[in-house]
There are 2 protein chains.
Amino acid sequence: MTAPMSPPILAFGEYAQGQAPLPSWNEGSAKQSIVNFVRAVTTAGGPQFVKPEERIAVFDNDGTLWSEQPMYFQLAFVLDRLKAMAPQHPEWKDNPLVAAVLAGDMKAVAAGGVRGILELATITHAGMTTDEFAKIVQDWFASARHPKFNRPYTDVIFQPMLELLAYLRANGFKTFVVSGGGVEFMRVCVEKIYGIPPEQVIGSSIVTKFEMVAGVPVLTRLPQLDFMDDNVGKPVGINKHIGRRPIAAFGNSDGDLQMLQWTTGCTGPRFGLLVHHTDSAREYAYEASSMGKLDVALVEAKEKGWTVVDMKQDWSRIYPFEAGK
Amino acid sequence: MTAPMSPPILAFGEYAQGQAPLPSWNEGSAKQSIVNFVRAVTTAGGPQFVKPEERIAVFDNDGTLWSEQPMYFQLAFVLDRLKAMAPQHPEWKDNPLVAAVLAGDMKAVAAGGVRGILELATITHAGMTTDEFAKIVQDWFASARHPKFNRPYTDVIFQPMLELLAYLRANGFKTFVVSGGGVEFMRVCVEKIYGIPPEQVIGSSIVTKFEMVAGVPVLTRLPQLDFMDDNVGKPVGINKHIGRRPIAAFGNSDGDLQMLQWTTGCTGPRFGLLVHHTDSAREYAYEASSMGKLDVALVEAKEKGWTVVDMKQDWSRIYPFEAGK
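Residues numbered from 1 in each chain as written. Chains lettered and ligands numbered in written order. Predicted model: local features only at pLDDT ≥ 70, side-chain atom pairs only at ≥ 80, totals over all residues. Heavy atoms only, no water.

What about the pattern of salt bridges?
- In total, this model carries 30 salt bridges over all chains according to the counting rule given.
- In this structure, A:Arg244 and B:Glu191 form a salt bridge, with 3.0 Å as the shortest nitrogen-oxygen distance. Residue A:Arg244 is found in the loop between helix H10 (233-241) and strand E5 (248-251), and its partner B:Glu191 is found in helix H9 (residues 190-194); the two belong to separate chains.
- For B:Glu191, a relative accessible area of 26% corresponds to the partly exposed category.
- B:Glu300 is the salt-bridge partner of B:Lys304, the closest N and O atoms lying 2.6 Å from each other. With B:Lys304 and B:Glu300 both in helix H12 (residues 296-304) and four residues apart, this pair spans about one turn of that helix.
- Given the relative accessible area of 39%, B:Lys304 is considered partly exposed.
- On the accessibility criterion, B:Glu300 (14% relative accessible area) is buried.
- Residues joined in a network through salt bridges with shared partners are A:Lys174, A:Arg244, B:Glu191 and B:Glu199. (Salt bridge = Lys/Arg side-chain N within 4 Å of Asp/Glu carboxyl O. Helix = DSSP H or I, 4+ residues; strand = E, 2+ residues; numbered from the N terminus. Buried < 20%, exposed > 50% of the residue type's maximum accessible area, 1.4 Å probe, protein only.)

Given below as structure tokens:
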């Protein structure tokens, strides 16, 4: 049997004129639930119609739009930065988390979770201007490679989710990233890979300070956590930034639970979805990982009728670089 | 001499097909500087062309988009709330600022500036959910009247600025409010009066907390300042929220100085503008007011070539409800 031609890879998952939406989604209840929801809220005069300006969709990033194994991409960046900067910072030896990194003890690092990463991020990502930081991140994305696929991290993004973003936008939705990752880390690449502009990215942040330096205005990054956009922080960040309740939320882990609760826990048409990592061959299979743990949110998904995507069953293609089935 | 017909009042300052932009702006250097800038950045192939996604314009609110005399509109709201809530809060008597309000000592209140208002806002605007707060603000806007014009505060907005917002949006700009005012106070009305959606409003905020109450997700407002979006806070807020440097900034007071410095202090085409309140008959004339003080920013405007609008000279109409000249 000959494999059919793969659909062409289009920017941001756009599909060709006349092509059905969500081509990398296999027919099944997950795909159908998305299409049904979008039809319901866009049918003018229908009982579930939602005005375009209220069609807000929020997406977690790590594990939802791109992979998060064998470690969060930003953690790979942090480790590279730590190693590069360590010779200038002998005092870091007193920090057990930093010592673990330098000793190559990845188990101890992983056990620190998102908060541990943010601690490491805080010390390695401060003491420079916002422009300087963006340049460092940009250079890293240009040179670093994902260990499993030996490709730039920005290639290791989910083709079906790109198609979903495109499908929602084509139906009048405004799409936002709402991630525990650092907002200034993500903004360097999200516009290019997802078609989401920087002003639609919500993330964790450190404190910045405005000052005039020799007549030039700069924002300097300080080693102090400003906001932690994870768990209970996600609805807080959404409210602070968007000021409007989303009607659809997409996540993959317990860190997304409150975002899905906030999005779906009110009257009116609402949609919640969890990506379940079940494909050890093409991606990874996990639930109990220290990164992207999925436990209580999976139980609650069943109670509340959120869609659960079985990556192995529901997606005919995982990555843009992979040939379609 | 008979006055010519007033142009029709259109929502958000939109102008009729075929009508020249900025109809309430008199011909002169201020209007010309705006038109020249917009032409330069939108001329494809020209030396100053800016891609649409980078056409970010930021607007202060108090004194720039709506009036701020005889007091910030939010301060009028705060005072009304304080008076309504005081009987249930005997402990407020120990707070000198609250005592001043209840004694009607507006001088003492005004001397507290934006920080004083935020202190009062913090104690009166907390202890409820975000939805409850929005309802209180909505009810207040529906019933309160501006003392000079005896009209809803949402009528006391500048017609020429509505036209400017419309003109910029018609030329591919994305318009944001960046104000010292409370973000959840402004968001109740900005979409309706300016055509700016809530996700494009940056302001001061208090801390909110996510919790499930009897199975229902709520965000509760706590009596603790989260972010102060004024002076040096404006570039910080812009960077945190938009993540892209604006190319045009519009303000009216020293509190907008850093926003204009940040916007214009780099290479590439940039535009800064200050509204100078010079019309005591149709609006107010002031520079040294405790609200909207304009001093160092006016000096810097001359040094840096920012446009200064003389309201009396440059605007043929101030408010939408006022007949054009």
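Considering the side chain of B:Glu68
All names here are of chain B.
- Locating Glu68 in the fold gives a position in the loop between strand E1 (56-59) and helix H2 (73-85).
- Put simply, Glu68 is tucked away with no salt bridge, and the nearest opposite charge, on Lys234, sits 8.8 Å away.
- Separated by 2.6 Å, the side chains of Glu68 and Tyr286 make a polar contact.
- Excluding its chain neighbours within four sequence positions, the residues that come into contact with Glu68 are Asp62, Gly63, Phe73, Asn252, His277, Tyr286, Met291 and Gly292. (Lys, Arg positive; Asp, Glu negative; His and termini not counted. Polar contact = N/O pair within 3.5 Å; in protein donor to acceptor, adjacent residues only side chain to side chain. Contact = heavy atoms within 4.5 Å.)

Description of the interface of chain B and chain A
- On the side of chain A, 36 residues touch chain B, which itself brings 36 residues to the contact.
- The junction of chain B with chain A conceals about 2,900 Å² of combined surface from both sides, 52% of it contributed by carbon and sulfur atoms.
- Viewed at the interface, chain A and chain B are joined by eight salt bridges.
- Two residues, B:Lys174 and A:Glu199, come together in a salt bridge whose shortest N-O distance is 2.8 Å.
- Those elements that provide at least two residues to the side of chain B that touches chain A are helix H6 (130-143), strand E2 (174-182), strand E3 (201-213), strand E4 (216-227), helix H10 (233-241) and helix H11 (257-264) of chain B.
- Broken down by element, the side of chain B that touches chain A gets its largest block of residues, five residues, from H10(B). (Buried area = accessible area lost by both parts, 1.4 Å probe.)

Describing H6(B)
- Taking 1.5 Å per residue, 14 residues should reach 20 Å; H6(B) reaches 20 Å between its end C-alpha atoms and fits that length.
- Within H6(B) the residues assigned to the buried category are B:Thr130, B:Phe133, B:Val137, B:Trp140 and B:Phe141. The arc that holds every buried residue of H6(B), seen down its axis, measures 100 degrees, which confines them to one face. What points out from H6(B), more than 90 degrees from its buried face, is the exposed set B:Asp131, B:Ala142 and B:Ser143.
- On the buried face of H6(B), the contacting elements are H10 and helix H11 (257-264) of chain A together with H2, helix H8 (183-186), E3 and E4 of chain B. (Expected span 1.5 Å × (residues − 1). Arc of directions from axis to C-beta.)

Let's talk about helix H5 (residues 113-124) of chain B
Residue and element names in this part refer to chain B.
- In a regular helix each residue adds 1.5 Å, so twelve residues correspond to 16 Å; H5 covers 17 Å between its end C-alpha atoms and thus fits that length.
- Across the twelve residues that make up H5, a large majority, nine, are buried.
- All buried positions along H5 are accounted for by Gly113, Val114, Gly116, Ile117, Leu118, Leu120, Ala121, Thr122 and Thr124.
- Buried positions along H5 lie against H2, helix H3 (96-102), helix H4 (106-111), E2, E3 and E4.

Comments concerning the nonpolar core
- Among the nonpolar cores identified, the biggest contains 77 residues, and B:Trp25, B:Leu75, B:Met161, B:Leu164, B:Tyr194 and B:Phe250 are the most heavily contacted of them.
- Counting residues per element, this core draws most heavily on H2(B), at eight residues.
- Core analysis: the second largest hydrophobic core is formed by 55 residues, A:Val50, A:Leu65, A:Phe271 and A:Leu273 among them. (Core = buried A, V, L, I, M, F, W, Y, C linked by side-chain atoms within 4.5 Å.)

In short, shape yes, function no, at least from these values alone.
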